[in-house]
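One letter stands for each residue in the lines below.
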Amino acid sequence: MIQRFDVGTRLSEMAVHNGVCYLAGQVAADDTQDIAGQTRQVLAAIDALLARAGSDKSRLLMVQIFIADLAEFPAMNEVWEAWLPAGAAPPRATVQAALARPGWKVEMVVTAAL
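For every chain, the first residue of its written sequence is number 1, and the numbers climb from 1 along that sequence. pLDDT decides what is reported in this predicted model: residues at 70 or higher carry local features, side-chain atom pairs at 80 or more are listed and counted, and totals for whole chains, interfaces and linings draw on all residues regardless. Excluded from the side-chain calculation are hydrogens and water; included are all heavy atoms of the structure.

The name given to the protein in an unreviewed UniProt entry is Enamine deaminase RidA (YjgF/YER057c/UK114 family), and the organism recorded there is Rubrivivax gelatinosus. UniProt positions are given in the numbering used here, feature names are shortened, and annotations may be inferred rather than shown by experiment. Recorded in UniProt under Sequence similarities (unreviewed entry), the annotation for the protein is "Belongs to the RutC family."

Shown next, in the form of structure tokens:
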């Protein structure tokens, strides 16, 4: 069985199957904030989705991070490291990418265990 959350015509925000949560790319709702503010928003959205599925950030299996400007990588990492539980760092990839909206600075795709 596949359980989908916040299903739209184009995508679902999350799908759960066989004990694994798959999140769509999460971006900031307020794209006027700097990279730190946008990263905090993205991480809060991830926390909220994982909680709805019965999981949390200590159960991350893989994270893909897309950042619009690698010059902002250190500021994004500072927020990330403050959010991440000690000893729970997942496998992660970070790449520079042109995001779908010009104001977005960071997008994260998460996979987590239940």
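Continuing now.
> Please give an account of the packing of helix 1 (residues 35–53) against helix 2 (residues 73–83) that cites residues and values.
Helix 2 packs onto helix 1 with a crossing angle of 35° between their chain directions and a minimal axis gap of 8 Å. Taken as a pair, helix 1 and helix 2 cross one another with a handedness that is right-handed. Taking contact as the criterion, the partners of Ile 35, Ala 36, Thr 39, Arg 40, Leu 43, Ile 46 and Asp 47 in helix 1 are, on helix 2, Ala 75, Met 76, Val 79, Trp 80 and Trp 83. Asp, Glu, Lys and Arg are counted as charged, while Ala, Val, Leu, Ile, Met, Phe, Trp, Tyr, Cys and Pro are counted as nonpolar; the rest, among them Gly, fall into the polar class. Tallied by class, the residues present in the contact of helix 1 with helix 2 amount to 9 nonpolar, 1 polar and 2 charged. With axes taken as lines fitted to C-alpha atoms, and helix axes fitted only over the stretch in contact, angles between N-to-C directions fall between 0 and 180 degrees. Under the DSSP-based scheme used, a helix requires at least four consecutive residues in state H or I and a strand at least two consecutive residues in state E, with every element numbered from the N terminus. By the definition used in this description, the sense in which the near helix is turned from the far one sets the handedness, with an anticlockwise turn below a right angle giving left-handed and a clockwise turn giving right-handed. Any pair of residues with heavy atoms lying within 4.5 Å of one another is described as a contacting pair.

> Before we move on, can you summarise the sheet that holds strand 4 (residues 60–67) with the specific residues and values?
Only strands that DSSP links by at least two bridges are regarded as paired with each other. The 6 strands lie next to each other as 1-2-3-6-4-5, forming an open sheet whose pairing is mixed. Two strands lie at the open edges of the sheet, namely strand 1 (2–7) and strand 5 (92–96), each paired on one side alone. On average, adjacent strands in this sheet sit at an angle of 10° to one another, irrespective of strand direction. Both strand 4 and strand 6 (residues 106–113) contribute to a ladder of 7 bridges, which runs antiparallel. Following the sheet pairing, Gln 64 is matched in strand 6 by Val 109. Its contacts with the sheet place helix 1 against strand 1, strand 2 (12–17), strand 3 (20–23), strand 4 and strand 6, and it is angled at close to 25° to strand 6. Sitting on the sheet, helix 2 touches strand 4, strand 5 and strand 6, and the angle it makes with strand 4 is about 155°.

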